[in-house]
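Single-letter residue listing:
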Amino acid sequence: MAVAAAVGLFTVGCSTGGTGTRDEGAARADQGTPSSAPAPASSSASSQVKKVDPVRLIMTDPKVSDRVKDDLKPCVADAYPVDTSYGTLTDSGTHDVVVNVLTCGDAVGVGTYVYRPAPGKDDVKGTSYENVFSLEEPAVYSTIDRGDLVVTKQVYAEGDPVSYPSGEDVITYRWAGSRFTEHDRVHNEYSKTVGDGGIDGPAEPTAPPKN
């Protein structure tokens, strides 16, 4: 009698928007000697990420403002405040690159960029990339979520400290033809009663209880 074994599929999400899957189950043991069995095709070779120098991309990109370039300096030794993500966003057939430029002190995003491998273009240091999306403003950050570009922008009301914005806009973009188009937009309002709530100054003293 054949017995069917259930295989659990668990999907793991992370705060940067990425997803991953893990298949768990007993390994299959094929009969015969290992030398007689053909080697399985490797799927990792085609999915290997080709790393880039994100600082070089930013500094040589004419679409990046002089303000961002001038402020982009190492925080410690040669460690730059730059986050880099690799994933499929366009129809390039390989990994696109998302670069977020931050401040050193409080890690606030000041610019976010998407680079797509330029078709048929290579330089002496490898594949050339073209800037297909850029946004430069305070407190902006982009992630890759299942093929979509998700841009989060903090919203500040007058008097809001940097650490306590009033809310955020979460905008989802999708690649269409030769550019990104807005697909969805969500606005979130933050509570002012949680924690410090962004309220400056000491708390009001409470009156002693009456006997």
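Residues numbered from 1 in each chain as written. Predicted model: local features only at pLDDT ≥ 70, side-chain atom pairs only at ≥ 80, totals over all residues. Heavy atoms only, no water.

K.L.:
Now, about the overall build of the protein: what can you tell me, with residues and values included?
P.N.:
In terms of helices and strands, the protein carries 2 helices and 10 strands. Element order for the protein, N to C, with α for helix and β for strand: β-β-α-α-β-β-β-β-β-β-β-β. When each of the 211 residues of the protein is scored for burial, the buried share is 31%. Across the protein, contacts joining residues at least 24 apart in sequence account for 39% of those joining residues at least 6 apart. Summed over all atoms, the accessible surface of the protein reaches about 14500 Å², with 53% contributed by carbon and sulfur. (Helix = DSSP H or I, 4+ residues; strand = E, 2+ residues; numbered from the N terminus. Buried < 20%, exposed > 50% of the residue type's maximum accessible area, 1.4 Å probe, protein only. Contact = heavy atoms within 4.5 Å. Areas by Shrake-Rupley, 256 points an atom, 1.4 Å probe, with all protein chains shown as cover.)

K.L.:
How would you summarise the environment of Thr103 if you had to cite specific residues and measurements?
P.N.:
With respect to the helices, strands and loops of the structure, Thr103 is situated in the loop between strand S4 (96-102) and strand S5 (109-123). On the accessibility criterion, Thr103 (27% relative accessible area) is partly exposed. Linking Thr103 and Tyr80, residues 23 residues apart in sequence, is a C-alpha distance of 9.4 Å. Excluding residues within four positions of it along the chain, Thr103 makes contact with Pro81, Val108 and Val110. A polar contact is formed between the side chain of Thr103 and the side chain of Asp106, at a distance of 2.5 Å. (Polar contact = N/O pair within 3.5 Å; in protein donor to acceptor, adjacent residues only side chain to side chain.)

K.L.:
So what's going on with unusual backbone geometry? Residues and values would help.
P.N.:
Phi at Ala107 takes a positive value of approximately 55°, unusual for a residue other than glycine. Tracing the backbone shows Ala107 in the loop between S4 and S5. A relative accessible area of 48% means that Ala107 is categorised as partly exposed. A positive phi is found at Ala139, a non-glycine position, where the angle reads about 60°. Within the secondary structure, Ala139 is located in the loop between strand S6 (126-135) and strand S7 (140-145).

K.L.:
Could you give an account of the sheet that holds strand S9 (residues 167-176), with specific residues and numbers?
P.N.:
Through backbone hydrogen bonds, the strands of a sheet pair up, either in parallel or in antiparallel fashion. If you walk across this open sheet you meet the 4 strands as S7-S8-S9-S10, and the pairing is antiparallel. The open sheet has two edge strands, S7 and strand S10 (179-189), and neither has a second partner. Taking each pair of neighbouring strands and ignoring which way they run, the sheet shows an average axis angle of 25°. One ladder, built from 6 bridges, connects S7 with strand S8 (residues 148-155); its direction is antiparallel. Within S8, the residue paired with Thr143 across the bridge is Val150. (Pairing = 2+ DSSP bridges. Axes fitted to C-alpha atoms, helices over the stretch in contact; angles between N-to-C directions.)

K.L.:
An account of the nonpolar core is needed here, citing residue identities and associated values.
P.N.:
Soluble globular proteins tend to bury their nonpolar side chains together. In terms of nonpolar packing, the biggest core is built from 15 residues, with Ile58, Val101, Tyr113 and Tyr115 touching the most fellow members. Contributing elements (two or more residues each) for this core: helix H1 (54-59), S4 and S5. Ile58 has contacts with Val64, Lys69, Leu72, Val99, Val101, Tyr113 and Tyr115, leaving out every residue within four places of it along the chain. (Core = buried A, V, L, I, M, F, W, Y, C linked by side-chain atoms within 4.5 Å.)

K.L.:
An account of the pattern of salt bridges is requested, with residue identities and associated values reported.
P.N.:
This structure, assessed with the given rule, holds 6 salt bridges. A salt bridge links Asp91 to Arg116, with the nearest nitrogen and oxygen atoms 2.6 Å apart. With Asp91 in the loop between strand S3 (82-87) and S4 and Arg116 in strand S5, this pair connects stretches of sequence that are 25 residues apart. Judged by its relative accessible area of 11%, Arg116 is buried. Between Arg146 and Asp145 there is a salt bridge whose closest N-O contact spans 2.9 Å. Taking relative accessible area as the criterion, Arg146 reaches 68% and is therefore assigned exposed. Connected via shared salt-bridge partners are Asp91, Arg116 and Glu130. (Salt bridge = Lys/Arg side-chain N within 4 Å of Asp/Glu carboxyl O.)

K.L.:
Tell me about the packing of aromatic side chains, and please be specific about residues and values.
P.N.:
Centre distance and the angle of the planes are the two values used to describe a pair of aromatic rings. In total, this model carries 3 aromatic pairs according to the counting rule given. Considering the side-chain rings of Phe133 and Phe180, the 6.0 Å spacing of their centres and the 80° angle between planes classify their relative orientation as edge-to-face. In this pair, Phe133 sits in strand S6 while Phe180 sits in strand S10, placing the two residues 47 residues apart along the sequence. Given the relative accessible area of 12%, Phe133 is considered buried. Ring-pair connections join several aromatic residues into one group, and the members of that group are Phe133, Tyr173, Trp175 and Phe180. (Phe/Tyr/Trp six-rings, centres within 6.5 Å; stacked < 30°, edge-to-face > 60°.)

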